[in-house]
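Now for the letters of each chain:
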Amino acid sequence: MAWFEYGSGAIRIVVFERGSAVVRAWFVRGSGVGTGNGLRFYWGLGYTKAQNKNSLGFVFGKLHEPYLEDLCRLVRATAERVSACRVCVMGYSMGGFGAYQVASHDPGAFDAAVPVAGYGLGTLEPPDRGYGAPQPASARVFEEWLRAAAPRLARLPLLLVVHAERDAESSVRDARAIVARVRAEGGCARLAAVPDEAADSDPGRKGARRGHRCALPPAHRWQRWRRGRASRGDA
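Residues numbered from 1 in each chain as written. Predicted model: local features only at pLDDT ≥ 70, side-chain atom pairs only at ≥ 80, totals over all residues. Heavy atoms only, no water.

The name an unreviewed UniProt entry gives the protein is Peptidase S9 prolyl oligopeptidase catalytic domain-containing protein, with Prorocentrum cordatum as the organism.

Novice: Just checking my understanding: could you explain unusual backbone geometry for this structure?
Specialist: Backbone geometry follows two general trends: most residues other than glycine have a negative phi, and most peptide bonds adopt the trans configuration. Each neighbour pair has its own omega, and for Gln-135 with Pro-136 the value is 10°, a cis peptide bond. Here Pro-136 lies in the loop between strand E9 (112-116) and helix H4 (137-153). Even without glycine at this site, Asn-54 takes up a positive phi of about 60°. Looking at the element boundaries, Asn-54 is found in the loop between strand E6 (45-47) and helix H1 (57-60). (Helix = DSSP H or I, 4+ residues; strand = E, 2+ residues; numbered from the N terminus.)

Novice: Honestly, the pattern of salt bridges in this entry has me stumped. Any pointers?
Specialist: Pairs may arise between side chains of opposite charge once their charged atoms sit close together. Per the counting criterion, the structure on display carries six salt bridges. Residues Arg-173 and Glu-125 are paired through a salt bridge, measuring 3.7 Å at the closest nitrogen-oxygen approach. With Arg-173 in helix H5 (residues 172-184) and Glu-125 in the loop between E9 and H4, this residue pair connects regions lying 48 residues apart in the sequence. With a relative accessible area of 39%, Arg-173 lands in the partly exposed category. Of the charged contacts, one joins Arg-181 and Glu-143 as a salt bridge, the two residues approaching to 2.7 Å between their closest N and O atoms. Of the two residues, Arg-181 sits in helix H5 while Glu-143 sits in helix H4, which places them 38 residues apart along the sequence. The class of Glu-143 is partly exposed, set by a relative accessible area of 28%. Members of the salt-bridge network, linked through shared partners, are Glu-69, Asp-70 and Arg-73. (Salt bridge = Lys/Arg side-chain N within 4 Å of Asp/Glu carboxyl O. Buried < 20%, exposed > 50% of the residue type's maximum accessible area, 1.4 Å probe, protein only.)

Novice: Would you mind going over the nonpolar core with me for this structure?
Specialist: As a rule of thumb, nonpolar side chains are buried together in soluble globular proteins. With 40 residues, the main nonpolar core has Phe-110, Trp-145, Leu-153, Leu-159, Ile-178 and Val-182 as its most contacted residues. Secondary-structure elements contributing two or more residues to this core are E6, H1, helix H2 (65-81), helix H3 (94-105), H4, strand E10 (159-164) and H5. If we skip the residues at most four places from it in the chain, Trp-145 touches Leu-63, Tyr-100, Gly-120, Leu-121 and Ile-178. In this structure, Val-114, Val-116, Val-162 and Val-194 belong to the second largest nonpolar core, which totals five residues. (Core = buried A, V, L, I, M, F, W, Y, C linked by side-chain atoms within 4.5 Å. Contact = heavy atoms within 4.5 Å.)

Written out as structure tokens, the structure reads:
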């Protein structure tokens, strides 16, 4: 297996190549990357320490367009350099947050976006759930973000949102709202529900079972698992 790295600093893409026909790429970014002006970043979201109190940076932070523009430009350049036949952005949890960000910033750069247990800016969740985001302020942030993002996400060939119904960290209510709004804008958006019994299936994660840490198996294992459910009559 060979690998190549493009970009520098906080914006890098590592491309892993196996054989002559398979190319897999991952975005590589430091979690909570900081800058000299007091801002820290989760993907293209910039926030201060005060804005991230109680982990609410996703409500009170602001999208940083130059970061997203640089990242999407690098995606396009790398796809051209490796002659990619398809470009998909995928991410889990905060990575799903990033998938929404880059896909809505430059939908023409991607053939599909697959946020897994992801979230947008703000939330519709009541204050007694999730991260205790204040309402109605958080809902206003979510609606403002969705009003801007949905028409752009609708330009994707496919938005596949993977989410567990009982996810207590990333809101399935928000996920449904995103899918519904993108469909209303004429886009191809689907919500793939993670079954309750698979919602805490990541064997490497410990702690409370909050329906957020699902392990997505390779496609052939997932299909075999689904066939097993069907044969038992509980699909």
